[in-house]
Amino acid sequence: MPLPQKTDILVIGSGNAGLSAALSAAQTNPTLRVTVIDKSPVSWAGGNTYFTAGAFRTSHNGLHDLLPLAYEVNGRIKFWGGLALKTQDGGKGLVEDELRAVRNAGVDVFFDTAATALVTDPTSGAVVGVEVINSDSRTSARNKTIVAVDAVILAAGGFEANPQLRAQWLGPGWDCARVRGTPYNTGEMLRIAQRDVSAKTAGNWSGCHCVAWDANAPADSGNREVSNEFTKSGYPLGIMVNRDGERFVDEGFDMRNYTYAMVGRRVLQQPGQIAFQVWDARTVAWLREEEYRAEVVRRIEGESLEELAEKCAEVGLADPGRFVESIKEYNASVEGVDVQKRWDPAVKDGLATKGLAVPKSNWALPIDKPPFLAVKVTAGITFTFGGLAVNPETAAVISETTSDEVPGLYCVGEMLGGIFYDNYPGGSGLTSGTVFGRRAGRAAAERAGRVED
Ligand SMILES: Cc1cc2nc3c(=O)[nH]c(=O)nc-3n(C[C@H](O)[C@H](O)[C@H](O)COP(=O)(O)OP(=O)(O)OC[C@H]3O[C@@H](n4cnc5c(N)ncnc54)[C@H](O)[C@@H]3O)c2cc1C
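Quantities reported herein were computed from a predicted structural model and do not represent experimental measurements. (Residues numbered from 1 in each chain as written. Predicted model: local features only at pLDDT ≥ 70, side-chain atom pairs only at ≥ 80, totals over all residues. Heavy atoms only, no water.)

Student: Describe the overall build of the protein, naming the residues involved and giving the relevant values.
Tutor: Per the secondary structure count, the protein includes 11 helices and 21 strands. If you line up the protein on its principal axes, its C-alpha atoms span 75 × 50 × 45 Å. Residue burial in the protein is summarised as follows: out of 453 residues, 55% are buried. At a minimum sequence separation of 6, the contacts of the protein that also span at least 24 residues come to 73%. When the accessible surface of the protein is summed, it comes to about 19300 Å², and 49% of that surface belongs to carbon and sulfur atoms. Between the mean site of the 46 positive side-chain charges and the mean site of the 55 negative ones, the protein shows a separation of 1 Å. (Helix = DSSP H or I, 4+ residues; strand = E, 2+ residues; numbered from the N terminus. Buried < 20%, exposed > 50% of the residue type's maximum accessible area, 1.4 Å probe, protein only. Contact = heavy atoms within 4.5 Å. Areas by Shrake-Rupley, 256 points an atom, 1.4 Å probe, with all protein chains shown as cover. Lys, Arg positive; Asp, Glu negative; His and termini not counted. Charge placed at Lys NZ, Arg CZ, Asp CG, Glu CD.)

Student: An account of the site of the ligand is needed here, citing residue identities and associated values.
Tutor: The environment of the ligand is made up of 39 residues, and the closest members are D38, N48, T49, N185 and L430. At 3.4 Å from an oxygen atom of the ligand is found a main-chain nitrogen or oxygen belonging to G46. Between the ligand and E188 there is a distance of 3.0 Å, counted from a nitrogen atom to a side-chain nitrogen or oxygen. For the shell around the ligand, the class distribution of residues is 13 nonpolar, 21 polar and 5 charged. (Near = heavy atom within 4 Å. Polar contact = N/O pair within 3.5 Å; in protein donor to acceptor, adjacent residues only side chain to side chain. Nonpolar A, V, L, I, M, F, W, Y, C, P; charged D, E, K, R; others polar.)

Student: So what's going on with the pattern of salt bridges? Residues and values would help.
Tutor: As enumerated under the stated definition, the model contains 20 salt bridges in all. Of the charged contacts, one joins D196 and R195 as a salt bridge, the two residues approaching to 2.6 Å between their closest N and O atoms. Note on D196: relative accessible area 24%, which makes it partly exposed. Residue class for R195 comes out exposed when judged on its relative accessible area of 54%. Close ionic contact of E325 with R322 constitutes a salt bridge, the shortest N to O distance being 2.9 Å. In this pair, E325 and R322 are both assigned in helix α9 (residues 320–333), 3 residues apart and thus about one turn of the helix distant. (Salt bridge = Lys/Arg side-chain N within 4 Å of Asp/Glu carboxyl O.)

Student: Just give me the short version of the packing of aromatic side chains, but keep the residues and values in it.
Tutor: Scanning the model with the defined rule gives 14 aromatic pairs in all. Here W44 and Y184 contribute two aromatic rings whose centre-to-centre distance is 6.2 Å and whose plane-to-plane angle is 65°, an arrangement assigned as edge-to-face. Taken together, the residues span a long stretch of sequence, with W44 in the loop between β2 (34–37) and β3 (55–56) and Y184 in the loop between β11 (178–179) and α5 (188–197) at a distance of 140 residues. Under the relative-accessibility criterion, Y184 is labelled partly exposed at 26%. Taken together through their ring pairs, the aromatic side chains of W44, Y50, F51 and Y184 make up a single cluster. In this structure, R224 is placed above the aromatic ring of Y50, and the distance from its NZ or CZ to the ring centre is 3.6 Å. Just above the ring of Y260 sits the side chain of R256; from NZ or CZ to the centre is 4.1 Å. (Phe/Tyr/Trp six-rings, centres within 6.5 Å; stacked < 30°, edge-to-face > 60°. Lys NZ or Arg CZ within 6 Å of the ring centre and 35° of its normal.)

Student: Residue-level account of helix α4 (residues 163–170), with values.
Tutor: Inspection of α4 places L165, R166 and L170 among the buried residues, and these make up the whole buried set. For α4, the angular spread of buried residues about the axis comes to 105°, placing them on one side. Where the residues of α4 are buried, they touch β11, α5, β13 (208–214) and β17 (372–384). Measuring from the side-chain oxygen of the N-cap residue of α4 to the backbone nitrogen of Q164 gives 3.1 Å; that N-cap residue is N162. Looking one or two places after α4, you find G171, whose phi comes out positive at around 120°. (Arc of directions from axis to C-beta.)

Student: Give a description of the environment of K369 that names residues and reports values.
Tutor: Inspection of the secondary structure puts K369 in the loop between α10 (339–342) and β17. Residue class for K369 comes out partly exposed when judged on its relative accessible area of 43%. Through-space distance from the C-alpha of K369 to that of L305 is 9.6 Å; in sequence the pair is 64 residues apart. In contact with K369, not counting residues within four places along its chain, are D280, A281 and R282.

Student: Can you break down the packing of helix α8 (residues 305–313) against α9 residue by residue, with the values?
Tutor: Packing of α8 against α9 leaves a shortest axis separation of 9 Å and a crossing angle of 140°. On the basis of the axis angle, α8 is oblique to α9. The chirality of how α8 crosses α9 is right-handed. Listed contacts from α9 to L305, E306, L308, A309, E310, C312 and A313 of α8 are P320, F323, V324, I327 and K328. Across the contact of α8 with α9, the residue classes break down as 9 nonpolar, no polar and 3 charged. (Axes fitted to C-alpha atoms, helices over the stretch in contact; angles between N-to-C directions. Parallel < 35°, antiparallel > 145°, perpendicular 65-115°, else oblique. Left-handed = near helix turned anticlockwise from the far one by under 90°.)

Student: I'd like a description of the nonpolar core, backed by residues and values.
Tutor: In this structure, I9, I12, V152, I153, L154, L388 and L409 are the most contacted members of the largest nonpolar core, which totals 75 residues. Here this core spans two domains, and each of domain 1 (6–205 + 385–450) and domain 2 (208–381) adds at least three residues to it. Not counting residues within four places of it along the chain, the set of residues in contact with L409 comprises L118, V127, V152, L154, V197, A395, A396 and V397. (Core = buried A, V, L, I, M, F, W, Y, C linked by side-chain atoms within 4.5 Å. Domains from an automatic or database assignment.)

Student: I'd like a rundown of unusual backbone geometry, residues and numbers included.
Tutor: Omega for the peptide link from P370 to P371 comes to 0°, which places this bond in the cis form. Mapped onto the elements of the fold, P371 is located in the loop between α10 and β17. Residues other than glycine seldom take positive phi values, yet Q273 does so here, at roughly 55°. For Q273, a relative accessible area of 22% corresponds to the partly exposed category. For W363, which is not a glycine, the phi torsion comes out positive at approximately 60°. Position of W363 among the secondary structure elements: in the loop between α10 and β17. Assessed through its relative accessible area of 3%, W363 is described here as buried.

This is the structure in structure tokens:
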């Protein structure tokens, strides 16, 4: 089917935020023509959303709200990582379900179609068209055209996959971060919105979500098979040591879901942007199978700390002697604690180091029981926090010049600024996309229903 010359609502980006907005628009007014475009080929459908665990942070009124949604393992109801709501088959299942839902609602979705400019009415300033470049992957032909619109919803992700913009906006060293998800979130729609409609920016432009990530993962994009399994979030169960053999972060300062999105930044700040996560026989069995099994990560094993250090040196540890000393200093700082009695990974157990310059505030077991395990990690960027300013009720984009809404323009998902600062609680990116997607879809449909053709 060819791209339409005119559509009532054009959604730019086919991740969770864009598809939530498209569905909401189609449900609000089924007589409207709603079209979604995405610059990625269909083989990369779903943007970053595809790579998620599908975990949604949500409010609820207790267990009776959740039991119909939770899954049962060996007769017990399980909530993964303290998050109660997760989609079937993670992000892959979410994207499949959302694409099916929008298509059933009559929405057309076009891949290989990039938005390159916003066109405005010179009198009203309203967005009335979008310049797009449509590529035909079979013939390599590229076709530039303008699609006339009554409303546009921007849902094109952040700038996490653009090394130049990362260095420019996040700061020095960020061009070296590995990309966890889609390679197509390169930030041009943020710049286009500023250039073409003077969109106002909001939020933490030097901030991002960044995790400890497998040092052997690809540099510029996630892998759609391995997906989220390159994440290495088992550091609260052990310690992390940098290339010079020094600890550099309190691995136990809070529960995993409140630290994992910050820890990557600390790894990025280390020499060579690498670190080694280390455990002993006490905690290895507690590591998440999907992140640490031998099929997805190179496990470095040793019968003594010295042997472990030598093996780490083969893959980049610069000072094996200091590595061993740091672990021994750490062990000395937890000496005498009745670990069997107090250690509890399900709560902040207060089992802390004493007297270390870099403390570990919870779950501080000694690392002295062979065999030992180490895994080499680097920094994996998930998404960026800076974005556009919107009216929170409708997700309408605000103009920097007039401080009023730009008529006919809405913004959702990673592109929406002002949601996250400094840190991020697990499972809230999808919730943000869905909540503001619904609002934007509804507001865009109400506007499109009023606009006279
Ligand atoms: C490995 C990983 C795991 C995660 N796990 C979770 C989780 O469990 N729970 C959670 O809440 N969040 C999670 N997140 C964060 C979550 O992915 C994002 O917050 C959310 O998916 C963003 O949705 P979005 O629609 O804004 O962007 P995306 O899903 O990235 O979609 C943006 C789309 O816009 C397209 N695009 C870009 N530029 C253009 C253009 N110029 N023209 C047309 N199209 C364009 C891109 O190709 C892309 O498909 C995870 C992220 C990653 C990478």
